[in-house]
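Structural overview for review
Each chain, letter by letter, is given below.
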Amino acid sequence: RDFVSLGEACRVVSVTECYWTVVSDTKRGCEREWQPTIDVGGVQMLAEKESRFRNNENCGEGCRNATLATTESDFRAGETVQCWQTTSSEGKLGTDEVYYCENAGCVKVYDPQIDIDSAAETSG
């Protein structure tokens, strides 16, 4: 096993939302990206980003602190969420590259199985 569940041990401190308009020959719309900052045992770190694209929307460009009223994020500041940590003593550096790790300790807020499934879809 490459990861171990920490249970609901991660507290979401904040969520940053960034957005930008995409205009290309193949794509036109608004890309939105959310990134939570989590606290794990008193240590704050960035967690994985989530993103969504909306066709034919012009949203400008910028970043802001996401609040309940403005976000479509899966995460909310103040909530405690389930998370997983790599079993490698080297953290991110010792973890297989199939996993997306946003922080040095490779603590994830999305089930690591998602990374495996995604890699299988792109290679198969």
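Residues numbered from 1 in each chain as written. Predicted model: local features only at pLDDT ≥ 70, side-chain atom pairs only at ≥ 80, totals over all residues. Heavy atoms only, no water.

Here we look at the side chain of Q35
On the secondary structure map, Q35 appears in strand β2 (residues 28-40). Of the polar contacts made by the side chain of Q35, one reaches the side chain of E102; its length is 3.3 Å. Ignoring anything within four residues of it in the chain, the contact list for Q35 reads S14, V15, T16, L46, A47, E48, K49 and E102. (Helix = DSSP H or I, 4+ residues; strand = E, 2+ residues; numbered from the N terminus. Polar contact = N/O pair within 3.5 Å; in protein donor to acceptor, adjacent residues only side chain to side chain. Contact = heavy atoms within 4.5 Å.)

Here we look at the environment of Q44
Relative to the assigned elements, Q44 resides in strand β3 (residues 43-46). Looking at Q44, the relative accessible area reads 49%, which means it is partly exposed. Each C-alpha atom of the pair Q44 and V13 lies 8.0 Å from the other, and the pair is 31 residues apart in sequence. Setting aside anything within four residues of it in sequence, one finds Q44 in contact with V13, T37, I38 and D39. (Buried < 20%, exposed > 50% of the residue type's maximum accessible area, 1.4 Å probe, protein only.)

Considerations on the state of the cysteines
The final tally for this structure, using the stated rule, is four disulfides. Residue C30 pairs covalently with C59 via a disulfide, S to S 2.1 Å. Across the S-S bond linking C30 and C59, the dihedral sits near 95°, which makes this disulfide right-handed. Of this pair, C30 sits in strand β2 while C59 sits in the loop between β4 (50-55) and β5 (61-65), and the two are 29 residues apart along the sequence. Judged by its relative accessible area of 16%, C59 falls in the buried class. (Disulfide = S-S within 2.5 Å.)

Quick notes on unusual backbone geometry
Even without being glycine, N56 reaches a positive phi, approximately 55°. Mapped onto the elements, N56 comes out in the loop between β4 and β5. Positive phi outside glycine occurs at C106, with the angle close to 55°. Mapped onto the secondary structure, C106 falls in the loop between β6 (80-86) and β7 (107-108).

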